[in-house]
Amino acid sequence: MERYLHTLRERLRLIVAVTVATTLVAALYLAVADDRYRAEADLLVTPANQADTALTGLPVIRESSDPTRDVETAARLVTSHDVAVRVKRRLGFEESVNALLTNVSAEPVVQSNIVSVRAEATSPELARNIANGFARELVAERSEELRRELNKQIPRIRQEIAAAEDRG
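Report on the accompanying structure. (Residues numbered from 1 in each chain as written. Predicted model: local features only at pLDDT ≥ 70, side-chain atom pairs only at ≥ 80, totals over all residues. Heavy atoms only, no water.)

**Some words on the pattern of salt bridges**
No. 1: Taken as a whole, this structure holds 10 salt bridges when the rule is applied.
No. 2: Among the ionic pairs, Glu137 bridges to Arg86, the shortest N-O distance being 2.9 Å. With a gap of 51 residues between them, Glu137 in helix H6 (residues 124-167) and Arg86 in helix H4 (residues 81-91) connect regions that are remote in the sequence. Each member of the pair, Glu137 as well as Arg86, is classed as buried.
No. 3: Through salt bridges with shared partners, a single ionic network connects Arg86, Arg90, Glu137 and Glu144. (Salt bridge = Lys/Arg side-chain N within 4 Å of Asp/Glu carboxyl O. Helix = DSSP H or I, 4+ residues; strand = E, 2+ residues; numbered from the N terminus. Buried < 20%, exposed > 50% of the residue type's maximum accessible area, 1.4 Å probe, protein only.)

Set out below in structure tokens:
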């Protein structure tokens, strides 16, 4: 034991110097490092049944033989350029769409129908707003696309119904 204490006394200057140096480096890093916060939003993906002929031709995610593919498709849609443009506009961001996209990721949650949308930003509120914004704007974009397609098809379906009634 006395030998260890002797060695520590001999090396005291080195121990103090290394401790001071690492503390200074850590303090310097904390002074210049950007604070980054992460937030997460979840999207439930419910693919349409392949057998449902009422949805044929509509822009919906259809069930496939590989359930993970359905969720992966939705994850890719979350981080699309169009969704990012909507988020940028809705939340009033001044940064570019590409800069916004570099701070967002969307990944399927293993063995589930959930897509996890993750955002990183300089404040917790901003990270939350970005993650929620991408989730909401994907749903809004897909809903608008579905409405547009339905509005195209409804007049044709009404004509077919009227023609069938005239024949019957």
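Structure's up, so let's keep going.
**Quick look at the sheet that holds strand E3 (residues 114-121)**
No. 1: The three strands lie next to each other as E1-E3-E2, forming an open sheet whose pairing is antiparallel. Of all strands in the sheet, those with a lone pairing partner are strand E1 (37-44) and strand E2 (104-108), marking the two edges. Taken pair by pair, the neighbouring strands of this sheet meet at an average axis angle of 20°, ignoring direction.
No. 2: Note: E2 against E3, five bridges, orientation antiparallel. When the sheet's bridge partners are listed, Glu107 is paired in E3 with Ser116.
No. 3: H6 contacts E1, E2 and E3 of the sheet and is inclined by roughly 20° relative to E1. (Pairing = 2+ DSSP bridges. Axes fitted to C-alpha atoms, helices over the stretch in contact; angles between N-to-C directions. Contact = heavy atoms within 4.5 Å.)

**Overview of the packing of helix H3 (residues 67-78) against H6**
No. 1: Between H3 and H6, whose axes approach to 9 Å, the crossing angle comes to 105°. Judged by the inter-axis angle, H3 sits roughly perpendicular to H6. The residues of H6 that touch H3, namely those facing Ala74, Leu77 and Val78, are Phe134, Leu138 and Arg142.
No. 2: Split into classes, the residues belonging to the contact of H3 with H6 amount to five nonpolar, no polar and one charged. (Parallel < 35°, antiparallel > 145°, perpendicular 65-115°, else oblique. Nonpolar A, V, L, I, M, F, W, Y, C, P; charged D, E, K, R; others polar.)

**Concerning the packing of H4 against H6**
No. 1: H6 packs onto H4 with a crossing angle of 120° between their chain directions and a minimal axis gap of 9 Å. Crossing angle aside, the handedness with which H4 passes H6 is right-handed. Together, Asp82, Val83, Ala84, Arg86, Val87, Arg90 and Leu91 of H4 and Asn129, Ile130, Gly133, Phe134, Glu137, Leu138, Ala140, Glu141 and Glu144 of H6 make up the contact between the two elements.
No. 2: Along the lines of polarity and charge, the residues of the contact of H4 with H6 split into eight nonpolar, two polar and six charged. (Left-handed = near helix turned anticlockwise from the far one by under 90°.)

**Some details on the nonpolar core**
Here is a general trend for soluble globular proteins: nonpolar side chains tend to be buried in one another's company.
No. 1: By size, the foremost hydrophobic cluster in this structure holds 28 residues, and its most contacted members are Leu43, Val78, Val115, Val117, Ile130 and Phe134.
No. 2: Within the residue set of this core, elements represented by two or more residues are E1, H3, H4, helix H5 (97-102), E2, E3 and H6.
No. 3: For this core, the element with the highest residue contribution is H6, accounting for six residues.
No. 4: In contact with Val78, other than residues within four places in its own chain, are Leu43, Val83, Ala106, Val115, Val117, Phe134 and Leu138. (Core = buried A, V, L, I, M, F, W, Y, C linked by side-chain atoms within 4.5 Å.)

**Considerations on the side chain of Gln153**
No. 1: Position of Gln153 among the secondary structure elements: in helix H6.
No. 2: The residues contacting Gln153, other than those within four sequence positions of it, are Thr56, Gly57 and Leu58.

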